[in-house]
Amino acid sequence: MTEDSAVAGDFVFRYGPSALVTGASSGIGRSFARHLAEAGLDLILVARRLDRLEELAAELRCRHGVEVTVHEVDLSDPAAVDRLLEQEATTDIGLLVSNAGFGVKGPFEDGDTAALAAMLAVNCQAPTRLAHALVPRLRRRGRGGVVFTSSVEGLLGCPYSAAYSATKAYVNALGEGLWGELTPAGIDVLTLCPGATDTEAPRLQGIDPATLRHLMDPDDVARGALENLNNGPTYVPSEHYRAQFDTLVTMPRRQALAAMAASLRV
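Residues numbered from 1 in each chain as written. Predicted model: local features only at pLDDT ≥ 70, side-chain atom pairs only at ≥ 80, totals over all residues. Heavy atoms only, no water.

Novice: Report on the packing of aromatic side chains, specifying residues and quantitative values.
Specialist: Applying the stated criterion across every chain, the model contains 1 aromatic pair. In this arrangement the basic side chain of arginine 143 is found over the ring face of phenylalanine 13, its NZ or CZ atom lying 4.2 Å from the centre. (Phe/Tyr/Trp six-rings, centres within 6.5 Å; stacked < 30°, edge-to-face > 60°. Lys NZ or Arg CZ within 6 Å of the ring centre and 35° of its normal.)

What follows is the structure, given as structure tokens:
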């Protein structure tokens, strides 16, 4: 056995045989799926766009010989989350990658009420409920992992992204708390806090990615998270964003928030 295959075998033993990945149809979630399939894990892929999931599943089955199950799920619907958990009740899931999420940007008062409610459901309620259902299984196994995709915006309340950054602050706190609870049980927990990443998200928020500096590649983000899964509780994959937010969180809060608001005012 080569060193690489031994490492892959250790990864499958610790986090396999199956991983559940939400938001898997594009961006960082799709990159997570590809890296996990390459490592040899079977996959349960969850997203709203079934056609994209099926296309990705066919690719991963052909390329890596893994089993892939897809679920068309809108995580803003609590009943859909319940159905997903029921359908996978007997699957030996060793890794949860709670990656699905979206943001509402702009002045807080201009935000659509329904969109804000959906964002709270997808960004906060869904990861909480998925983790709550799967952590008992991981405890019984005595090994496994949980990855929450958050954002650097969860490290500080962000003007003109107030509700989104609040949802990600919740995810950061959830991940840190579970890291403290579960690490002694042999379960790794990592909260991933990327900055601007080359995904659909900026475009959906009306932002041209070409205007963004220090744009990260989703493959690099996902790879870095998996490589640091046992180095929790929090991982910021960009040196630029680590330095930027390290500076902001050490400034007087009023000064940091005023500076951010002035730079982002629309």
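Novice: Tell me about helix H5 (residues 113-141), and name the residues and values.
Specialist: In this model H5 runs 41 Å from its N-terminal to its C-terminal C-alpha over 29 residues, within 8% of the 42 Å that 1.5 Å per residue would give. At glutamine 125, H5 shows its strongest bend, of approximately 35 degrees, with the proline proline 127 following within four residues. If you check the start of H5, you find a side-chain oxygen 3.1 Å away from the backbone N of alanine 114, and it comes from aspartate 112. Positive phi shows up at glycine 142, right after H5, with a value of about 80 degrees. (Helix = DSSP H or I, 4+ residues; strand = E, 2+ residues; numbered from the N terminus. Expected span 1.5 Å × (residues − 1). Bend = angle between axes of the 7 residues up to and from the residue. Polar contact = N/O pair within 3.5 Å; in protein donor to acceptor, adjacent residues only side chain to side chain.)

Novice: For the pattern of salt bridges, give the residues involved together with the corresponding values.
Specialist: One pass over the full model with this rule turns up 7 salt bridges. The salt bridge partner of aspartate 188 is arginine 14, with a shortest N-O separation of 2.9 Å. Taken together, the residues span a long stretch of sequence, with aspartate 188 in strand E6 (residues 187-192) and arginine 14 in helix H1 (residues 3-15) at a distance of 174 residues. Take aspartate 188: its relative accessible area is 10%, and that puts it in the buried class. Residue arginine 14 is classed as partly exposed on the basis of its relative accessible area of 28%. For glutamate 153, the salt bridge is made with lysine 105, and the minimal N-O distance between the two is 2.7 Å. (Salt bridge = Lys/Arg side-chain N within 4 Å of Asp/Glu carboxyl O. Buried < 20%, exposed > 50% of the residue type's maximum accessible area, 1.4 Å probe, protein only.)

Novice: Which residues make up the nonpolar core, and what values do they have?
Specialist: Core analysis: the biggest nonpolar cluster contains 43 residues, and Phe32, Leu36, Leu43, Leu45, Leu60 and Leu95 have the highest contact counts within it. With 5 residues, helix H2 (residues 27-39) is the largest single contributor of residues to this core. In this structure phenylalanine 32 touches Val21, Val97, Asn99, Val147, Thr149, Leu192, Ala222, Ala225 and Leu226, once residues within four positions along its chain are discounted. Counting 27 residues, the second-largest nonpolar core is a separate cluster that includes Ala100, Ala131, Leu134 and Val171. (Core = buried A, V, L, I, M, F, W, Y, C linked by side-chain atoms within 4.5 Å. Contact = heavy atoms within 4.5 Å.)

Geometric values such as these leave the question of function open.
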